[in-house]
Amino acid sequence: IPAVHLSAVDKTFGAGTSASVTALEGIDLTVAPGEFVSLIGPSGCGKSTLMRIVADLEQPTSGTVAVFGKTAKQARVDQDYGIAFQAAGLLPWRTVRANIELPLELHGTKKAQRRARADELLETVGLTDFANHRPEQLSGGMQQRVAIARSLAEQPRLLLMDEPFGALDEMTRERMQGELLRLAAATGCAVVFVTHSIPEAVYLSDRVVVMSPRPGRIAEIVPVSLGER
Ligand code: ADP
Ligand code: ADP
């Protein structure tokens, strides 16, 4: 069963109005379990819309979406995937640690286990000293790292990441890239990763999906040979 299967997916915002925008047209894409796929393409080509559709945050106008053979909605309920999107989406009233624990809480994990897992993830993203801070007390890049840690909390079979390293400085980005590859290999989770950086896409991915705008389509899918990784 593929991690993600999109078939003939179209998305039009404001259909039937003069402001109608076709964000996606005829998207066919299959991501295998454990596969790392990057989406690249110019701003406005529909990368975020595609990610939001897989995450069940947006409904396609037509076409079908399956996540591990389920509807996107069911996969969301079952917490089959972790999300790290550009706007970190952290809960402002919770501490950094409590934000990371949230997916585990929803899943009914016991407190001691939640805490141990959160502490491990805080170390992975280099924020151990900020466990008891509120998100607004952190820089944008640090908030992104919290969102990444949260997306990994449940050890999901699928990670959906929309420019997760966009606000990171070069050194932190390189460290996080390495951590992500290590984690993906260790857990065997599939990753769908949006980036503006071609080198980043080539470095991280098994396949690079190149999109073109107006309407958003898949222009080509480029396998990255092991030699290039
Ligand atoms: P990317 O992530 O590649 O920059 P997006 O998926 O954000 O592209 O956007 C694709 C197109 O859909 C753009 O033309 C954008 O303006 C439009 N769009 C995205 N979200 C909405 C929305 N909620 N309402 C109307 N148009 C939207
Ligand atoms: P990033 O590149 O992760 O966004 P910055 O460049 O803003 O981080 O900050 C660099 C370092 O400064 C951080 O790793 C952190 O140690 C410290 N720092 C930044 N913002 C804060 C803050 N609000 N409180 C405490 N330390 C901070």
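For the structure, see preceding data.
Here the structure is a predicted model, which is why all the values come from computation and not from measurement.

Colleague: Help me out: how do you make sense of the packing of aromatic side chains in this one?
Modeller: Aromatic rings considered in pairs are described by the distance between their centres and by the relative angle of their planes. Evaluation of the coordinates by the stated rule reveals two aromatic pairs. An angle of 50° between the planes, with centres 5.7 Å apart, marks the rings of phenylalanine 36 and phenylalanine 193 as tilted. Note that phenylalanine 36 is positioned in strand β3 (residues 36–40) and phenylalanine 193 in strand β7 (residues 190–194), a separation of 157 residues in sequence. For phenylalanine 36, a relative accessible area of 3% translates into the label buried. By relative accessible area, phenylalanine 193 is classed as buried at 0%. Joined through ring pairs, the aromatic side chains of Phe36, Phe165 and Phe193 make up one cluster. One residue, arginine 157, lies across the ring of phenylalanine 68, its end atom 3.8 Å from the ring centre.

Colleague: Just to check I follow, could you spell out the site of ligand 2 for this structure?
Modeller: Around ligand 2, the surrounding shell consists of Phe130, Gln137, Ser139, Gly141, Met142, Arg145 and Asp169. Between glutamine 137 and ligand 2, the recorded distance is 2.3 Å, taken from a backbone N or O atom to a nitrogen atom. Arginine 145 places a side-chain nitrogen or oxygen 3.0 Å from an oxygen atom of ligand 2. In isolation ligand 2 offers 550 Å² of accessible surface; the protein chains occlude 47% of this area. Residue composition of the shell around ligand 2, by class: two nonpolar, three polar and two charged.

Colleague: Just to check I follow, could you spell out the site of ligand 1 for this structure?
Modeller: As a matter of local geometry, ligand 1 sits amid Phe13, Val21, Ala23, Pro42, Ser43, Gly44, Cys45, Gly46, Lys47, Ser48 and Thr49. Cysteine 45 is positioned such that a nitrogen or oxygen atom in its backbone is 3.2 Å from an oxygen atom of ligand 1. One of the side-chain nitrogen or oxygen atoms of lysine 47 is found 2.9 Å away from an oxygen atom of ligand 1. Coverage of ligand 1 by the protein amounts to 58% of the 560 Å² it exposes when considered alone. Every element with two or more residues in the shell around ligand 1 is listed here: β2 (21–31) and α1 (47–54). The element that contributes the greatest number of residues to the shell around ligand 1 is α1, accounting for three residues. Residue composition of the shell around ligand 1, grouped by class: five nonpolar, five polar and one charged.

Colleague: Which parts of the structure should I look at to understand the layout of surface pockets?
Modeller: Gaps between atoms show up when a probe of the same size as a water molecule is rolled over them. Approximately 170 Å³ is the volume attributed to the second largest pocket. Those elements giving two or more residues to the lining of the second largest pocket turn out to be α6 (170–187) and β7. In terms of residue count, α6 provides more of the lining of the second largest pocket than any other element does, four residues in total. Across the lining of the second largest pocket, the residue classes break down as four nonpolar, five polar and five charged.

Colleague: Honestly, the nonpolar core in this entry has me stumped. Any pointers?
Modeller: Side chains that are nonpolar tend, in soluble globular proteins, to be buried together. With 33 residues, the main nonpolar core has Ile100, Met161, Val191 and Phe193 as its most contacted residues. Those elements that place two or more of their residues in this core are α3 (96–106), α4 (111–124), α5 (140–152), β6 (158–162), α6 and β7. Among the elements that line this core, the one with the most residues is α5, at six residues. One finds Leu6, Ile27, Leu50 and Ala75 within the second-largest nonpolar core, a separate group that totals 30 residues.

Rules and cut-offs
Residues numbered from 1 in each chain as written. Chains lettered and ligands numbered in written order. Predicted model: local features only at pLDDT ≥ 70, side-chain atom pairs only at ≥ 80, totals over all residues. Heavy atoms only, no water. Phe/Tyr/Trp six-rings, centres within 6.5 Å; stacked < 30°, edge-to-face > 60°. Helix = DSSP H or I, 4+ residues; strand = E, 2+ residues; numbered from the N terminus. Buried < 20%, exposed > 50% of the residue type's maximum accessible area, 1.4 Å probe, protein only. Lys NZ or Arg CZ within 6 Å of the ring centre and 35° of its normal. Near = heavy atom within 4 Å. Polar contact = N/O pair within 3.5 Å; in protein donor to acceptor, adjacent residues only side chain to side chain. Areas by Shrake-Rupley, 256 points an atom, 1.4 Å probe, with all protein chains shown as cover. Nonpolar A, V, L, I, M, F, W, Y, C, P; charged D, E, K, R; others polar. 1 Å grid on protein atoms, 1.4 Å probe; cavity = no way out; pocket = protein on both sides within 12 Å on 5 of 7 lines; lining within 4 Å. Points joined across faces, edges and corners; volume = space filled by probe spheres on them. Core = buried A, V, L, I, M, F, W, Y, C linked by side-chain atoms within 4.5 Å.

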